[in-house]
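Observations on the three-dimensional arrangement
So the chains spell out like this:
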Amino acid sequence: MKSRGLKIGTAVLIAALCLLLTGIRTYVLAVELDPLTGFAAPGQGRWQNVFLAVLLAGTAVTAALCFFGRRAVGKDGVSGLPVGVRWVGAAAAVAVAADAVVGSVRAVQALGLPLGVLLTLAKLAVAYSVFAQGLFFTGGRPLALHPASAAVETVPVLYCIAILLDAFLNYVAYNSTSQHLIEQMSVIAVMLFFLSTLSFCVKVNRTGDAVLAVASGLLGLLYLSVTALPPLAVFLITGNLPAFLTKAVGFSPVMGLCLAAYLGAFSLSALLQRTPKKAQEFDETDA
């Protein structure tokens, strides 16, 4: 299979999965799941099972396609992205920063002063990382290469680890719901994405880091979409939000949507850009 066709096919697959799974998940949240617990109501759950099966199958297929197309990406395959990625990143960074500032009072009230301030600073660091890396990967000002900037860019990875630790250390019954599963999958994908992009900013990247950035970005787009969009759709349609969704331990709705937009713009642009010449020669020689 030609690398260009493989790339386009992967992009189309992700887009189709996002649309299909968002639709199914919206129906599941509105009809099948108990609004208090997040578990399937008696006699329900068929579409919930379909949703999880398609999600897990889509994950496996997407990862496989990215793996088989790894030579087409190349070590520098995420450099020189279109300038549109920069503006998506800038808009996402502003929205995440605003969400962090607006939610700072609530964070302090819920967690106490030290942890509330720490959470706000972590979200601001995520916003900065998106902005700085958006500039860097689109050929703009290399803020991301500065040692102080690189230190800040480790925070998104640490923030994701903290979310995962909180989820496992504060386990309660609702953590068995599908919402929890998808949230943790999205956190892991975002963590891997920032870990791989950070390797470029500190100049220790390897060939596999470009593939990891694209694959985790695509999967992050998928997971974040089906985490954030269906609850919003249910609220707009019914005027109500299932109570168990307010117990979410992942990203806030604003951060989830913003990260989905940035990861999607980044990974799809990297995936669809023209194959580097050296990678083409290697691919042809190996064939």
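Shown above is the structure to which this text applies.
Scope of this entry: the structure provided in the associated data block. Every value quoted in this text rests on a predicted model; they were computed, and no experiment measured them.

Together, Leu 229, Leu 232, Phe 235, Leu 236, Ile 237, Leu 241 and Leu 257 line one region of the surface with nonpolar side chains, adding up to about 650 Å² of accessible area. The greatest single-element share of the nonpolar patch, amounting to five residues, is contributed by helix α10 (residues 207-238). Tracing the chain through its elements places Leu 241 in the loop between α10 and α11 (253-272).

A few words on the packing of aromatic side chains. Inspection of every chain in the model, using the stated rule, returns eight aromatic pairs. Plain terms: the ring middles of Phe 137 and Phe 266 are 5.2 Å apart, the flat faces sit at 85° to each other, and that makes the pair edge-to-face. Here Phe 137 is found in helix α6 (residues 113-137), whereas its partner Phe 266 is found in helix α11, with 129 residues between them in sequence. Ring centres of Phe 193 and Phe 266 lie 5.0 Å apart, and the angle between their planes is 90°; on these two criteria the pair is classed as edge-to-face. A residue pair is termed long-range when its members are at least 10 positions apart, and Phe 193 in helix α9 (residues 178-201) and Phe 266 in helix α11 qualify at 73 residues. With respect to burial, Phe 193 and Phe 266 carry one shared label: buried. What links up through ring pairs into an aromatic cluster is the set Phe 136, Phe 137, Phe 193, Phe 194, Phe 200, Tyr 262 and Phe 266.

Further remarks concern the side chain of Thr 26. Looking at where Thr 26 falls in the secondary structure, it is placed in helix α1 (residues 3-32). Once residues within four sequence positions are removed from consideration, Thr 26 is found in contact with Pro 230, Ala 233, Val 234 and Ile 237.

Moving on to unusual backbone geometry. Positive phi, close to 60°, is recorded for Lys 203, a residue that is not glycine. Considering the arrangement of structural elements, one finds Lys 203 in the loop between α9 and α10.

Let's shift gears to helix α8 (residues 155-169). Along its 15 residues, α8 runs 20 Å from first to last C-alpha, staying within 8% of the 21 Å computed at 1.5 Å per residue. Within α8 the residues assigned to the buried category are Pro 156, Val 157, Tyr 159, Cys 160, Ile 163, Leu 164 and Ala 167. Down the axis, α8 shows its buried residues gathered within 165° of arc, on one side only. Along α8, exposed side chains directed more than 90 degrees from the buried face belong to Leu 158 and Leu 169. Those residues of α8 that are buried are in contact with α6, α7 (147-152), α9 and α11.

Attention now moves to the nonpolar core. By size, the foremost hydrophobic cluster in this structure holds 62 residues, and its most contacted members are Val 78, Phe 251, Leu 259 and Phe 266. When residues of this core are traced back to their parent elements, those giving at least two are α1, α2 (46-68), α4 (83-102), α6, α8, α9, α10 and α11. Residues within four places of Phe 251 in sequence aside, it is in contact with Tyr 159, Cys 160, Ile 163, Ser 186, Val 187, Val 190, Leu 224, Gly 256 and Leu 259.

Once that is clear, we can look at α9. With 24 residues, α9 extends 35 Å between its outermost C-alpha atoms, agreeing within 8% with the 34 Å of an ideal straight helix rising 1.5 Å per residue. Across the 24 residues that make up α9, a large majority, 20, are buried. Taken from the residues just after α9, Lys 203 is the one with a positive phi, measuring 60°.

Definitions and limits used
Residues numbered from 1 in each chain as written. Predicted model: local features only at pLDDT ≥ 70, side-chain atom pairs only at ≥ 80, totals over all residues. Heavy atoms only, no water. Patch = residues over 30% accessible without salt bridge, like charges linked within 9 Å, V, L, I, M, F, W, Y side chains within 5 Å. Areas by Shrake-Rupley, 256 points an atom, 1.4 Å probe, with all protein chains shown as cover. Salt bridge = Lys/Arg side-chain N within 4 Å of Asp/Glu carboxyl O. Helix = DSSP H or I, 4+ residues; strand = E, 2+ residues; numbered from the N terminus. Phe/Tyr/Trp six-rings, centres within 6.5 Å; stacked < 30°, edge-to-face > 60°. Buried < 20%, exposed > 50% of the residue type's maximum accessible area, 1.4 Å probe, protein only. Contact = heavy atoms within 4.5 Å. Expected span 1.5 Å × (residues − 1). Arc of directions from axis to C-beta. Core = buried A, V, L, I, M, F, W, Y, C linked by side-chain atoms within 4.5 Å.

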